[in-house]
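Okay, here's what each chain looks like letter by letter:
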Amino acid sequence: MLSLVHQYGFVELQKSISDYLESILDVRNVCGIYDIASLYELKSLEDTCARFIDRNCSTIIKHESILQ
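Quantities reported herein were computed from a predicted structural model and do not represent experimental measurements.

Student: Can you help me understand the pattern of salt bridges in this one?
Tutor: Any two side chains of opposite charge can pair, given that their charged atoms come close. In the structure shown here, the tally under the stated rule is 3 salt bridges. Close ionic contact of K15 with D19 constitutes a salt bridge, the shortest N to O distance being 2.7 Å. Note that K15 and D19 are positioned in helix α2 (residues 11-23) at a spacing of 4 residues, about one turn of the helix. The partly exposed category is assigned to D19, whose relative accessible area is 34%. With a closest N to O distance of 3.3 Å, D47 and K43 form a salt bridge. Here the residue D47 and the residue K43 both occupy positions in helix α4 (residues 43-55), the gap between them amounting to 4 residues, near one helical turn. Judged by relative accessible area, D47 falls into the partly exposed class, the value being 29%. Using a relative accessible area of 53% as the deciding quantity, one classes K43 as exposed.

Here it is in structure tokens:
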């Protein structure tokens, strides 16, 4: 969905999706969400993910999702 929203320039919907993704960040999904944020140039979401990773790096490194 984010791909289509980004492609067609629905800025408000893109912001809503970005806000939602920020609200569900956890150790299991932060790397994937960071990748999505980078792909669609969502700077605020990318920065939020980077801060989350920085605060939780020791836990993230031990989690199996890092291998994906």
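Student: What am I meant to see in α2 here?
Tutor: Three- or four-residue spacings in an α-helix give side chains the same orientation, since the helix completes a turn every 3.6 residues. When the terminal C-alpha atoms of α2 are compared, their 18 Å separation across 13 residues agrees well with the 18 Å that a helix rising 1.5 Å per residue should span. Those residues of α2 not exposed but buried are Q14, I17, S18 and L21. Viewed end-on, α2 has its buried residues packed into an arc of 100°, placing them on one side of the element. In α2, the exposed positions that point more than 90 degrees away from the buried face belong to E12, Y20 and S23. In this structure, the buried residues of α2 make contact with α1 (2-8), α3 (30-39) and α4.

Student: Just checking my understanding: could you explain the packing of α2 against α4 for this structure?
Tutor: Helix packing for two helices is described by the angle between their axes and how far apart those axes are. At a minimum axis distance of 10 Å, the contact between α2 and α4 shows a crossing angle of 5°. Considering their axes alone, α2 and α4 lie roughly parallel with respect to each other. For the pair formed by α2 and α4, the contact residues are S18, L21 and E22 on the first element and S44, L45 and T48 on the second. Here the residues of the contact of α2 with α4 are counted per class, giving 2 nonpolar, 3 polar and 1 charged.

Calculation rules
Chains are numbered independently. Their residues run from 1 in the order of the written sequence. In view of the model being predicted, local features appear only for residues whose pLDDT reaches at least 70, and side-chain atom pairs are presented and counted only at 80 or more, with totals across whole chains, interfaces and linings using the full set of residues. Water and hydrogen atoms were dropped before computing side-chain values, which therefore reflect all heavy atoms in the structure. A pairing counts as a salt bridge when a side-chain nitrogen of Lys or Arg comes within 4 Å of a carboxyl oxygen of Asp or Glu. To qualify as a helix, a DSSP run of H or I must reach at least 4 residues; to qualify as a strand, a run of E must reach at least 2; elements of each kind are numbered from the N terminus. Each residue gets one of three labels from its accessible area relative to the maximum for its type: buried under 20%, exposed over 50%, partly exposed in between, using a 1.4 Å probe on protein chains only. Each residue after the first adds 1.5 Å to the expected span of a helix. This arc is built from the directions going out from the helix axis to the C-beta atoms. The contact criterion used is simple: two residues touch if any of their non-hydrogen atoms lie within 4.5 Å. Axis lines are fitted through C-alpha atoms, for helices just across the contact stretch, and the angle between N-to-C directions can take any value from 0 to 180 degrees. Orientation labels follow simple angle bins: below 35 degrees gives roughly parallel, above 145 gives roughly antiparallel, 65 to 115 gives roughly perpendicular, and whatever is left gives oblique. Residue type decides the class: Asp, Glu, Lys and Arg count as charged, Ala, Val, Leu, Ile, Met, Phe, Trp, Tyr, Cys and Pro as nonpolar, and the leftover types, Gly among them, as polar.

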